[in-house]
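Reading the structure
Each chain, letter by letter, is given below.
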Amino acid sequence: MIVNSMENLTSADRFILLGLTSTPYLQELCVLLILIIYLVTIGGNLLLIIVVGTSVQLQTPMYFFLCNLSVIDICFSSTIVPKLLINTVARDKSVSLLGCGVQMYFHLALGSTECIILSVMAYDRYAAICKPLHYYKLMNKRVCISLASGSWAVSLINSAIHVVFTFQLPFCRSNHLNHFFCEIPPFLYISCRDTWFNEVAMYISATLIGIGSFFFTLISYVYIVLTILKMCSSQGRIKTFSTCASHLTVVLLYYVTIMFMYLRPHLDYYPETSKTVSLIYTVLTPMLNPIIYSIRNGEVKSSIKNKLTIETLKKF
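Rules and cut-offs
- Residues numbered from 1 in each chain as written.
- Predicted model: local features only at pLDDT ≥ 70, side-chain atom pairs only at ≥ 80, totals over all residues.
- Heavy atoms only, no water.
- pLDDT = per-residue confidence, 0-100.
- Helix = DSSP H or I, 4+ residues; strand = E, 2+ residues; numbered from the N terminus.
- Contact = heavy atoms within 4.5 Å.
- Polar contact = N/O pair within 3.5 Å; in protein donor to acceptor, adjacent residues only side chain to side chain.
- Salt bridge = Lys/Arg side-chain N within 4 Å of Asp/Glu carboxyl O.
- Buried < 20%, exposed > 50% of the residue type's maximum accessible area, 1.4 Å probe, protein only.
- Phe/Tyr/Trp six-rings, centres within 6.5 Å; stacked < 30°, edge-to-face > 60°.

Examining the confidence of the model for the protein chain
Chain-level pLDDT for the protein chain is 85 on average; 86% of the residues reach the 70-or-more range. The lowest-confidence element of the protein chain is helix α1 (residues 2-10), averaging 40 in pLDDT; the highest-confidence one is helix α6 (residues 141-166), averaging 96. Predicted confidence for residues 1-11 stays below pLDDT 50, and this span has five contacts to residues more than four positions away or in other chains.

Take a look at the structure:
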């Protein structure tokens, strides 16, 4: 028994991802839907980056952060979706220890960066709406670059710490992960060592980055709403409320799903529920972000129309 236990401890150099479902027709449906969502995600975010990069009128702090968000969404979705699609149709559903570690690192880093960037964007909107006279002083170029680079740096360091802690655990229960990508909670579930330290580290990180960013975002929007209520124009109030409601919907969807995954005991891990929740913030939200934050934006739509008109005229 001791020999078998030791073999199990040392042989976990590959993990089997069980994926979304084992039902063949559901697998085909999932591949089709997720592929469509992925293509829309890449197309929408690339379009936003190109439009902002080539339009002089969009060279503002808000669009600088939107481009950061688009880069995050493209990378975040690309870290998960291609491997998910391949694993769903392939016979060999295994992934190496290194491959799992790399996927987990970038998933955590990009997810954390998105949390912080969303709160920075909320602050940017607060500064623009509540402090319009001081906006370009509060959000000058140096401040914007510092906020963006700080978000990336904190997230990359945080992710490295969690990946190291996770892969120091022995995985002797099984090398089968009932999930569609390498995420921390399933690994804690298959570990045969007490994961108390890992859970505490995860809760601290999720509280500081997830809940901290969420409340900062919420507070910013409270001030924004109070400022909107003081506006004289009812049309202006309705328009701004509509924009804020759209933004908050995406923000809530992202933060709530992230906190659901990382702020509960690993003993309460329910694979099917977890897979659904993970799909929302890894596949669906990156598609919604460019649509809600940008494509519905009048300035972005105007820039896209101008670009298309210019290109059409050039052909004739």
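Some details on the side chain of Ser155
Among the secondary structure elements, Ser155 is positioned in helix α6. In this structure the side chain of Ser155 is engaged in a polar contact, spanning 3.0 Å, whose partner is the backbone nitrogen of Thr113. Once residues lying within four places of it in the same chain are set aside, the contact partners of Ser155 are Ala109, Ser112, Thr113 and Ile116.

What to know about the pattern of salt bridges
As enumerated under the stated definition, the model contains two salt bridges in all. Note that Glu272 is salt-bridged to Lys275, the shortest N-O span being 3.4 Å. With Glu272 and Lys275 both in helix α10 (residues 271-295) and three residues apart, this pair spans about one turn of that helix. Take Lys275: its relative accessible area is 4%, and that puts it in the buried class.

Side note on the packing of aromatic side chains
Two measures describe an aromatic ring pair: the distance that separates the ring centres and the angle between the ring planes. By the definition in use, this model includes 18 aromatic pairs. Taken together, a centroid distance of 5.2 Å and an interplanar angle of 80 degrees make the contact between Tyr105 and Phe106 edge-to-face. Note on Tyr123 and Tyr126: the rings are 5.9 Å apart at their centroids and 35 degrees apart in plane angle, and the pair reads as tilted. Residue Tyr123 and its partner Tyr126 are located together in helix α4 (residues 97-130), separated by three residues, close to a single helical turn. Among the aromatic residues, ring-to-ring pairing joins Phe76, Phe214, Phe215, Tyr254, Tyr255 and Tyr281 into one connected group.

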